[in-house]
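# Analysis of the macromolecular model
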Amino acid sequence: MRCARCDQDNPEGARFCNQCGAPLAAAPGPELRRLTVLFCDLVGSVQLANRLDPEEWHALLAAYQEAAGQAIRRHQGHVAQHLGDGLVAYFGYPVAHEDDALRAVRAALDLVREAGTVAVPHSGERLSVRVGVHTGAAVMGPVGSGGDVLALGDTPHIAARLQAVAPPGAVALSPAARTLVEHRVRWADLGEHALKGLPGAMRVHQAVALRTEGEEGAEPGRSPFVGRARELGQLVDAWDASQAGGAGVLLLGEPGIGKSRLARELRAQVRADGGDSFTMRCSPHTANTPFAPLAQFLRQAMAQAGAPDGSADALSGVLAAVGVRDERVVAPLRALLGLGRPGDAEAALSAQALRERTFAAATAVLATMSARRRTLSIVEDLHWADPSTLEWLGRVLGAGAPPGLMLLLLARTEFTPPWREDPRWQRLLLEPCDARDAAAIVTALDDGHLLGAEAIARIVERAEGNPLFAEEFTRAALEDRTDVIPLTLQEQTTARLDRLGPARQVLQHAAVIGRQFSRPQLCAASGLAPELVEEGLRRGVAARMLRPLGDDGDSFAFRHALLRDAAYGSLLRSSRQAGHARVAQALVAADPDIARRQPELLAHHYTEAGDGPNAVTQWLAAGRLALSRSACVEAAAHARTALRMIGDAGSDPAALALELELRLVLAPALMAVRGVLDPEVERTYARARHLCERLGNGPKLLVPLWGLWAYELMRGEIPNALEAAAQLRALAQAGSPPVATLVAAATTGMTLFYQGDLRGAREACAAGLGPAAPSPSAARSARGLHDPGVMCRAFHSLACWLLGDAEAAAAGTALLRESIPRLPPFDAAYAWCSEAVLHTLAGDAQAAAEASARAIAIGREQAFPAWQMMGTMMQGWSRAKQGEAARALPTMQRALEAWYASGARNLRPFFHALLADAWLAQGDAQQALRSADDGLAEASSGEHCWDPELHRLRAEAWAALGEHAPALEAASRAVEAAERMEARAWTERAASSRERILREQSARG
Ligand SMILES: Nc1ncnc2c1ncn2[C@@H]1O[C@H](COP(=O)(O)OP(=O)(O)OP(=O)(O)O)[C@@H](O)[C@H]1O
Ligand SMILES: [Mg+2]
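Because the structure is a prediction, the values reported are computed rather than measured. (Residues numbered from 1 in each chain as written. Chains lettered and ligands numbered in written order. Predicted model: local features only at pLDDT ≥ 70, side-chain atom pairs only at ≥ 80, totals over all residues. Heavy atoms only, no water.)

### Here's the deal with the side chain of aspartate 827
Our working rule: A helix here means a DSSP run of H or I that spans at least four residues, while a strand means a run of E at least two residues long, and both kinds are numbered starting from the N terminus. Think of it in three bands: with a 1.4 Å probe and only protein chains considered, a residue is buried below 20% of the maximum accessible area for its type, exposed above 50%, and partly exposed in between. Here a polar contact is taken to be a pair of N or O atoms separated by no more than 3.5 Å, where protein atoms must pair a possible hydrogen donor with a possible acceptor and residues adjacent in sequence count only if both atoms sit in side chains.
Mapped onto the secondary structure, aspartate 827 falls in helix H35 (residues 825-842). On the accessibility criterion, aspartate 827 (0% relative accessible area) is buried. Reaching out from aspartate 827, the side chain makes a polar contact with the backbone nitrogen of aspartate 787 at a distance of 2.9 Å.

As structure tokens, then:
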């Protein structure tokens, strides 16, 4: 297929010309692009048109348009539109280059200069233009009946507005365009301008001129060199070896991996070592210019020697300075640079003969330089080398580099040298750097320490060992930019994608599937012909954008997340949506069980496809699945996503029911992650309860009410907890499933116990222990938190013991212990803890130590912090009672602090009682008094069940301090409180304390 623009013959099926990039045949469908738009307009065109006759005006316009078109095409821009005397050009469409913004600015500067050479008839004046340049996103789509593909959106509009604020003869840049070229261009500030039709003001800069090589601005915030010790060592070894025999190294690596930086480090070492070094650069602009890097190097040397425009004499001077004086070497180089002298023989040579002479001359320059002084010659970006340069380097390496010369060739990984493998040159592959080095690059750029550890870790993870990405992500983070791909990386990634030609669309389809995908998935989801998919995969792998995974030959991954993002980001929203819908379809077709196994994957694709109903269903399934695996963070995230999608459920019963289901996943998941006291937990349960009431869905109320009850209990709002328990009882009476009865019994019993109503607690718990109670596993299936059967059994035993029925307590404890092997870890720890509490009440330190050790072990293993803290408190108390108070006290204090830090308000009085007892064992009555006082203060929440013990401990502390009056008063209060609770065990204990204190008092007289 021939290109209409440049006549290049292209392979059948190609969409763009391989030579000039113009679209071939039918215009492609709309696509999203990042491109640089140049907008140019004539200054004073209305006056000119009025002054000149129509024919002259037309000729003048034609001359201007010709000059402009040339300047634009010279830099691979695409003239998209003529609007009267205005002109719009695109850089980055139809084919992107890595430096489109720079190309646009170069074209703009040329255009201003060249338009300025066009004379206006009858006036002696020259034409003057204004140019605006802006880089941004645009949808490229056919417009009008002509089918011209134009950029739609703000980007062309902004370029036009910038043009309008540029002074005559100037090039105005938007901030985005300037960011991309600022190190290659000298610019001046044009101040802030309000651009018509755009909100706010924009800071506009004028591109004044290109910087020459030597004066290129310091690269942006270069971070100190990190890592790469081994690679630098290998290069230094090669440098050392080059002294005797010359050395050649080909250093390969992905874009941005650090090839140039490593070369720069070597250069510094070489110079420190007394060696010489120079760099030749290949560039995409000169990929077809013979010996371009050598010519560019010589021109630069002349410019540095004070002859920027070059001359035969300047060239001779530059060459002489490095010892090259032989006319047979100098003359071909003169010809190469177009500085030939009239008598030069080169002018008469055939092209082939001249080429041979240039080869010889170039080689001689290297040999002469390195014979004079050891030399490191770097060739940058060999993947853009012209064929002559490649052939020349191949010859030098094939013959063996001359002694004293090290040739360091840098290229991207996709470059395959056309030379045979040869021990005289070595190949090094630069791998991604490790996370520590990447983090060092990030922190060096973040010199104001604005990024937290988490942000840094995120950047390091995203960069995947690519220093350039690490730098650009850091800059984006520091500047608070939210682009998925930093602007500075977009040109590079887009250009890499475009180089794939038609294979690009295969990668776009793959990107919709995700970072990893399989060939069958891709075929099914893309609907593309298998040959096209095959070709796309092959080219993607060859261009190092894709990586085969595993050995099956069917699985692939994008080499870097950024490449996937770039491919994905180039799709229009509508294409993405359609793509995701196809992927979801293909996933279900390939594996009908996928909705059960990986609902979150389906949910993701349905969401992106804009298929709300299917997405919400799958997110709910994903949330439930995650919750059943205790993956609470994920469960909460899935439920949240679905809730966001539902938004306001309004009054539609189906939507409300769905919302309820989601809240019933979110609430327990959040409670596990954030703790019961998080306000969002309460809001979620409260909303769930509201929904239940509204939907009249009785049984569903069980979980939210239970959650609310736990929430109130743990935050120390005992009356509210009691109310929730009463609602649960009402629910159970309304004929809800048997488990509701059990839950009502457990919650009522436990709350009454906390309140100090032991009889009520015993009675309530007993209701849950009857023969009608469901099996623990049935109860668990509907559970919100704990096994209600275990709760009933535990609090029944505790209440029995305090009420003086030690026998019933022991029997209940034995039953509970028997059931432990059948309980899941959470409830097993609960059972051990409750047994330990009973032993602390009974004062059995040894038994309490054993039971709490079991609870701690499970808590540690399963990461249930509450059981760990509680077990630690009781274990500490046991130790203290067994004579190890000094060791136990610090541990107990830490555990208590952790309990406070968790926000839980329940059990605080109990823990203070344990602590007071431990202080007494330690002989520190002051501290014991303080702890007991703290405990009583905490009991004001309504958790009065520990009051008798706290008063008794106060009495003991006062007595130990020799203060008998307050001791006696405290002991009396202990007796009163225990009697009020009918806690016979405590009444007896308190009464005997009071008698002892009385005895001591009377003994003192
Ligand atoms: N070891 C390093 N320590 C600190 N910064 C580094 C290191 N390696 C690379 N960088 C930084 O990362 C960025 C990219 O590196 P460099 O330009 O050397 O990549 P490259 O491999 O030459 O890429 P390209 O193929 O695009 O030329 C640069 O800004 C460079 O300073
Ligand atoms: Mg480089």
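### So, the packing of helix H28 (residues 702-714) against helix H29 (residues 718-733)
Note the threshold: Here an axis means a line fitted to C-alpha atoms, over the contact stretch when the element is a helix, while the angle between two N-to-C directions is reported on a 0 to 180 degree scale. Between 65 and 115 degrees an angle is taken as roughly perpendicular, under 35 as roughly parallel, over 145 as roughly antiparallel, and anywhere else as oblique. Crossing handedness is defined as follows: a turn of the near helix away from the far one that is anticlockwise and smaller than a right angle gives a left-handed crossing, while the clockwise case is right-handed. Any pair of residues with heavy atoms lying within 4.5 Å of one another is described as a contacting pair. Under the grouping applied here, Gly and all other residues not named as nonpolar or charged are polar, the nonpolar ones being Ala, Val, Leu, Ile, Met, Phe, Trp, Tyr, Cys and Pro and the charged ones Asp, Glu, Lys and Arg.
Taken N-terminus to C-terminus, the directions of H28 and H29 make an angle of 160°; their axes are 8 Å apart at the nearest point. As summarised for this structure, H28 and H29 are arranged roughly antiparallel, according to the angle between their axes. Crossing of H28 against H29: the hand is left-handed. In contact with Leu702, Leu705, Trp706, Trp709, Glu712 and Leu713 of H28, H29 contributes Ile718, Asn720, Ala721, Ala724, Ala725, Gln727, Leu728 and Leu731. The class makeup of the residues in the contact of H28 with H29 is 11 nonpolar, 2 polar and 1 charged.

### Comments concerning the pairing of strand E15 (residues 546-549)
Put simply, the rule is: Any two strands between which DSSP finds at least two bridges are classified as paired.
Across 4 bridges, E15 lies against strand E16 (residues 555-558) in antiparallel orientation. In the strand pairing of E16, leucine 546 is matched with phenylalanine 558. Where E15 folds back on E16, the antiparallel hairpin that results is connected by 5 residues, among which glycine 550 adopts a positive phi of roughly 65°.

### A few points about the packing of aromatic side chains
Short version of the rule: Classification of ring pairs rests on two measures: the distance between centres of Phe, Tyr or Trp rings, Trp counted by its six-membered ring, which must be within 6.5 Å, and the angle between planes, read as stacked under 30 degrees, edge-to-face over 60 and tilted in between. Two limits define a charge over a ring: the Lys NZ or Arg CZ must be within 6 Å of the ring centre, and within 35 degrees of the ring normal.
Summed over all chains, the structure comprises 14 aromatic pairs. Note on phenylalanine 415 and tryptophan 419: the rings are 6.3 Å apart at their centroids and 65° apart in plane angle, and the pair reads as edge-to-face. With relative accessibility at 13%, the residue tryptophan 419 sits in the buried group. On the numbers, 5.7 Å between centres and 40° between planes, the contact of phenylalanine 910 with phenylalanine 911 is tilted. By relative accessible area, which is 3% here, phenylalanine 910 ends up buried. Residue class for phenylalanine 911 comes out buried when judged on its relative accessible area of 1%. Positioned over the ring face of tryptophan 187 is arginine 178, at 4.3 Å from the centre of the ring. Seen from the ring of phenylalanine 473, arginine 462 lies directly overhead, with NZ or CZ sitting 4.0 Å from the centre.

### Focus: the nonpolar core
One recurring pattern in soluble globular proteins: nonpolar side chains tend to sit buried together. Under the convention used in this document: Residues enter a nonpolar core if they are buried and are Ala, Val, Leu, Ile, Met, Phe, Trp, Tyr or Cys, with the set joined through side-chain atoms within 4.5 Å.
Core analysis: the biggest nonpolar cluster contains 179 residues, and Phe517, Phe558, Trp709, Phe753, Phe795, Phe911 and Trp946 have the highest contact counts within it. Top contributing element to this core by residue count: helix H37 (residues 865-901), with 14 residues. Excluding residues that lie within four positions of it along the chain, phenylalanine 517 makes contacts with Ala510, Leu522, Leu537, Leu546, Asp554, Ser555, Phe556 and Phe558. Grouped together as the second largest cluster of nonpolar side chains are 46 residues, Ala314, Leu315, Leu319 and Trp392 included.

### Here we look at the pattern of salt bridges
We apply this condition: Salt bridge, as used here: a side-chain nitrogen of Lys or Arg that lies within 4 Å of a carboxyl oxygen of Asp or Glu.
This model, assessed by the stated rule, comprises 53 salt bridges. Between arginine 334 and glutamate 327 there is a salt bridge, and its shortest N-O distance comes to 2.5 Å. We classify arginine 334 as buried; its relative accessible area is 1%. For glutamate 327, a relative accessible area of 43% puts it in the partly exposed group. Ionic pairing is found between aspartate 554 and arginine 519, a salt bridge with its closest N-O pair at 2.8 Å. Here aspartate 554 is found in the loop between E15 and E16, whereas its partner arginine 519 is found in helix H18 (residues 519-526), with 35 residues between them in sequence. A residue is classified by how much of its surface remains accessible, and arginine 519, at 19% relative accessible area, is buried. Shared partners join several salt bridges into a network, and the residues in it are Glu31, Arg33, Asp498 and Arg504.

### Structural notes on the site of ligand 1
Where we set the bar: We define proximity as follows: a residue is near a molecule or strand when any one of its heavy atoms falls within 4 Å of that partner. Accessibility throughout is a Shrake-Rupley quantity obtained with a 1.4 Å probe, and a residue counts as covered only by protein chains that appear here.
The local shell around ligand 1 holds 20 residues, among which Gly256, Lys259, Ser260, Arg261 and Glu471 are the closest. Between ligand 1 and isoleucine 257, the relevant distance is 3.3 Å, taken from an oxygen atom to a main-chain nitrogen or oxygen of the residue. A distance of 2.7 Å separates an oxygen atom of ligand 1 from a polar atom in the side chain of lysine 259. Summarising the interface, the protein chains cover 90% of the accessible area of ligand 1, which totals 620 Å² for the free molecule. For the shell around ligand 1, the elements supplying multiple residues, two or more each, are helix H7 (259-272) and helix H15 (467-478). Class assignment of the residues belonging to the shell around ligand 1 gives a composition of 8 nonpolar, 4 polar and 8 charged.

### Here's the deal with the sheet that holds strand E12 (residues 405-412)
Reading across the sheet, the 5 strands line up as E10-E11-E12-E9-E13 and stay open at both edges, with parallel pairing between neighbours. For this open sheet the edge positions go to strand E10 (276-281) and strand E13 (425-429), each flanked by a neighbour on one side alone. Strand-to-strand twist in this sheet, taken as the mean axis angle between neighbours without regard to direction, amounts to 20°. With 6 bridges connecting them, E10 and strand E11 (residues 375-380) associate as parallel partners. Within E11, the residue paired with aspartate 276 across the bridge is threonine 375. Along the sheet face, helix H11 (residues 351-372) touches E10, E11 and E12 and points at about 145° away from the line of E11. Against the sheet, helix H12 (residues 387-399) contacts strand E9 (247-253), E10, E11, E12 and E13, and its axis sits at roughly 135° relative to E12.

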